Amino acid sequence: IIIMISQTILNKIIEDLQKNANNNKEREVYLDLHPYDMKISGEITDYILEYLKTNNIIEKGVKDGKGLIRCIVCKF
């Protein structure tokens, strides 16, 4: 499966994650992918979760349903 997500969307997700992480000391964020302009699927959710881990945006993360990710954001 080829998954295409624009870098613009990924950047917006990262920006929102970091903004939300600053609002709580545990840096735990509940990320809902639905507001971002893309078709949501389990594969998309897995891809974004893996992207965020690989690029050291999040320390830990779990899929919490289709289009939902619960994670701890790295300090930046």
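Described below are features of the structure shown in this document. No experiment lies behind these values; they were computed from the predicted model shown.

Remarks on helix α1 (residues 7-21)
In an α-helix, one full turn covers 3.6 residues, which means residues spaced three or four apart are oriented alike.
Okay, so step 1: Under the 1.5 Å per step criterion, the end-to-end length of α1 is 21 Å for 15 residues, consistent within 8% with the ideal 21 Å.
Okay, so step 2: When we look at burial in α1, the residues that qualify are Ile 9, Leu 10, Ile 13, Ile 14, Asp 16, Leu 17 and Ala 21. Projected onto a plane normal to the axis of α1, the buried residues spread over an arc of 165° and lie on a single side.
Okay, so step 3: At its buried positions, α1 is contacted by β1 (28-32), α2 (42-54), β2 (58-63) and β3 (68-73).

Some remarks on the pairing of β1
Okay, so step 1: Only one face of β1 is covered, namely the face carrying Val 29 and Leu 31; the face carrying Glu 28, Tyr 30 and Asp 32 is uncovered.
Okay, so step 2: Sheet topology note: the β1/β3 ladder contains five bridges and is antiparallel. Bridging across to β3, Leu 31 finds its partner in Ile 69.

Focus on the pattern of salt bridges
Okay, so step 1: This structure, assessed with the given rule, holds five salt bridges.
Okay, so step 2: When the shortest N-O distance is used, the salt bridge between Arg 70 and Asp 64 registers 3.2 Å.
Okay, so step 3: Arg 70 sits in the partly exposed class, given a relative accessible area of 35%.
Okay, so step 4: According to the relative accessible area criterion, Asp 64 is partly exposed, its value standing at 29%.
Okay, so step 5: Taken together, the shared-partner salt bridges in this structure form one network comprising Lys 12, Asp 16 and Lys 19.

A short note on the environment of Leu 31
Okay, so step 1: Along the chain, Leu 31 turns up in strand β1.
Okay, so step 2: When its relative accessible area of 4% is taken as the criterion, Leu 31 is described as buried.
Okay, so step 3: As a C-alpha pair, Leu 31 and Asp 64 span 33 residues in sequence and 9.2 Å in three-dimensional space.
Okay, so step 4: Contact partners of Leu 31, with chain neighbours within four places excluded, come to Ile 13, Leu 17, Tyr 36, Leu 52, Gly 67, Leu 68 and Ile 69.

Some thoughts on the side chain of Asp 16
Okay, so step 1: Relative to the helices and strands, Asp 16 is located in helix α1.
Okay, so step 2: Classification of Asp 16 by relative accessible area gives buried; the value is 15%.
Okay, so step 3: Within the structure, Asp 16 has its side chain in polar contact with the side chain of Tyr 36 (distance 2.6 Å).

Comments concerning the sheet that holds β3
Okay, so step 1: Read from one edge to the other, the open sheet built from three strands follows the order β1-β3-β2, with strand pairing classed as antiparallel. Each end of this open sheet is capped by a strand with a single partner; those strands are β1 and β2. Shown here is a sheet whose adjacent strand axes are inclined to one another by a mean of 25°, direction ignored.
Okay, so step 2: Sitting on the sheet, α1 is in contact with β1, β2 and β3, with an inclination near 145° to β1.

Calculation rules
Sequence order sets the numbering: in each chain, residues are counted from 1 along the sequence as written. Restriction of local features to residues with pLDDT of at least 70 applies here, the model being predicted, together with a cutoff of 80 or more for giving and counting side-chain atom pairs; totals for whole chains, interfaces and linings are based on all residues. To obtain the side-chain values, all non-hydrogen atoms of the structure were used and water was disregarded. Only runs of H or I of at least four residues qualify as helices and only runs of E of at least two qualify as strands under DSSP, and these elements are numbered from the N terminus. What a helix should span is 1.5 Å times the count of its residues minus one. The cut-offs for exposure are 20% and 50% of the maximum accessible area for each residue type, with area from a 1.4 Å probe on protein chains only; residues under the lower value are buried, those over the upper are exposed, and the others partly exposed. Our arc is simply the arc of the directions from the helix axis toward the C-beta atoms. Contact definition: two residues touch when any of their heavy atoms are within 4.5 Å. Only strands joined by at least two bridges in the DSSP assignment are considered to pair. Salt bridge, as used here: a side-chain nitrogen of Lys or Arg that lies within 4 Å of a carboxyl oxygen of Asp or Glu. In the analysis that follows, any N or O atom pair within 3.5 Å is treated as a polar contact, provided that within protein one partner can donate a hydrogen and the other can accept it, and provided that, for residues neighboring in sequence, both atoms belong to side chains. Every axis corresponds to a line fitted to the C-alpha atoms, with the helix fit spanning only the stretch in contact, and the corresponding angles, defined between N-to-C directions, vary from 0 to 180 degrees.

Honestly, it's all geometry; don't read function into it.
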